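# Structure assessment
Residues per chain are reported as follows:
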Amino acid sequence: MTTHSQPPIQKARILGDTVYSPMAFAKILGISKNELLEKEAKGVVPLAKRNSHHERYYKPEEVRKYRNYFGLSSPIKSIRKQLFLNFKGGTGKSSISASYGFRLAQMGVQTLLIDLDPQGHLTQCLGLANHQFTKTLFNALIEKEEIEKVIVKTDLPTLDIIPSNLNLSPVELSLFSMNSREFRLRRLISSVEKHYELIVMDASPSIGLLNLNAILASNDLIIPVLADFLSYHGLKILFETLSTIEEDFSFVFENIFIFLNRYNESHRICKRSKKALETHYDKYLLNTVIRQDTKIAEATSQGTPIFLFAQSSKSATDIQSLIDEILDLKGADHVG
């Protein structure tokens, strides 16, 4: 009996057959629908494709072309390496980072997502079955395989991912005995970063060598916080850890951004927590809050970025605001 090994995954499907309406396409470009149709009528941009009902539609791969047609520059001014991290679990970090990275790729930004958690939550939030991937960061970081062989292309041309699953689990133990063990991820990323405008990493809620590697490989730290006491305590531990890292490695983040997730203004505890953050972490706290919304929970359970699942939802609106505020670099410029 002949057995066949699983064929290598050529391209991960996230979009499937997704196409955009003129309204959705204009929103991605950051212009009005009228401006899009006006330019089309004047021949400045190509005529849109039409479906069987004669309705206009646009394909995801056309975003970058249209940015060029309109003379729109990339929203990313220089390469950003951004780490989503909180030592408190359950803050919605993976679902936010997945939709955040997906949206920027959707906006035409060449993006690499790196899943640093053996549980593979970031991978799953993009609708990818993490068990199907034979390679994770472990293969590149520990076994010294070329990182290009670990990176998975997706059907959104601007989005690549390094997926994760339980094969990443031994990474902490393996790193421990290696030379320059704290800087291996930084060196690995430097070999491919010229191909990307944005690298987004999603870390597990733990203090360990892999997360230390991720911190030292990043420009920006993005911290989702729930409006509760435990999240606030996790934040305190995180900043104490960052202070130690600053002393030991002379490393300081260029920007730190804190934002409230699953915020419900009608709850007194939320208001009190927000007030405490404004008092103690005002230097890093973003104006944007991600409001409590069942839509993002549904999107996460179905493994779909919120911008594909419910693009007009509160969550989608708030994550877009988060992107706009972070890219305007309103966060603190160093760890004080």
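Below you will find a few notes about this structure. (Residues numbered from 1 in each chain as written. Predicted model: local features only at pLDDT ≥ 70, side-chain atom pairs only at ≥ 80, totals over all residues. Heavy atoms only, no water.)

## With respect to the side chain of serine 99
Relative to the helices and strands, serine 99 resides in helix α4 (residues 93–106). A distance of 3.0 Å separates the side chain of serine 99 from the backbone nitrogen of isoleucine 306, its partner in a polar contact. Beyond its immediate stretch of four places on either side in the chain, serine 99 contacts Pro305, Ile306, Phe307 and Ile319. (Helix = DSSP H or I, 4+ residues; strand = E, 2+ residues; numbered from the N terminus. Polar contact = N/O pair within 3.5 Å; in protein donor to acceptor, adjacent residues only side chain to side chain. Contact = heavy atoms within 4.5 Å.)

## Here's the deal with the packing of helix α1 (residues 22–29) against helix α2 (residues 33–41)
At a closest axis distance of 8 Å, the pairing of α1 and α2 adopts a crossing angle of 100°. Accordingly, the angle class assigned to the pair α1 and α2 is roughly perpendicular. Residues Pro22, Met23, Phe25 and Ala26 of α1 form the contact with α2, whose own contacting residues are Lys33, Leu36 and Leu37. (Axes fitted to C-alpha atoms, helices over the stretch in contact; angles between N-to-C directions. Parallel < 35°, antiparallel > 145°, perpendicular 65-115°, else oblique.)

## Digging into α1
α1 sits mainly inside the fold: six of its eight residues count as buried. All buried positions along α1 are accounted for by Pro22, Ala24, Phe25, Ala26, Ile28 and Leu29. Among the structural elements, α2, β2 (56–57), α3 (63–69) and α4 are those in contact with the buried residues of α1. After α1 finishes, the residue glycine 30 shows a positive phi value of roughly 80°. (Buried < 20%, exposed > 50% of the residue type's maximum accessible area, 1.4 Å probe, protein only.)

## A closer look at the sheet that holds strand β4 (residues 111–115)
Spatial strand order, β5-β6-β4-β7-β3-β8-β9-β10: eight strands in an open sheet with mixed pairing. Single-partner strands in this sheet number two, and they are β5 (152–153) and β10 (285–291). Note that β5 and strand β6 (residues 159–162) share two bridges and pair antiparallel. The partner of lysine 153 across the bridge, within β6, is aspartate 160. Strands in contact with α4 are β3 (80–84), β4, β6, β7 (198–202), β8 (220–226), β9 (255–263) and β10; relative to β7, the strand with the most contacts, it is inclined by about 165°. (Pairing = 2+ DSSP bridges.)

## Digging into the packing of aromatic side chains
Counting across every chain of the model gives 10 aromatic pairs. Following the ring pairs from residue to residue traces out a cluster consisting of Tyr20, Phe25, Tyr58, Tyr66 and Tyr69. Here the guanidinium or amino end of arginine 181 rests over the ring plane of phenylalanine 176, the centre of that ring lying 4.7 Å away. (Phe/Tyr/Trp six-rings, centres within 6.5 Å; stacked < 30°, edge-to-face > 60°. Lys NZ or Arg CZ within 6 Å of the ring centre and 35° of its normal.)

## Some details on the environment of glycine 208
Tracing the chain through its elements places glycine 208 in the loop between β7 and α9 (209–216). Sequence separation between glycine 208 and leucine 173 is 35 residues, and the spatial gap between their C-alpha atoms is 10.0 Å.

## A word on the side chain of glutamine 320
Summarising the element assignment, glutamine 320 is placed in helix α14 (residues 314–327). A polar contact of 2.7 Å, which involves the side chain of glutamine 320, links it to the side chain of arginine 103. If we ignore the near neighbours within four places in the chain, the residues touching glutamine 320 are Arg103, Met107 and Phe307.

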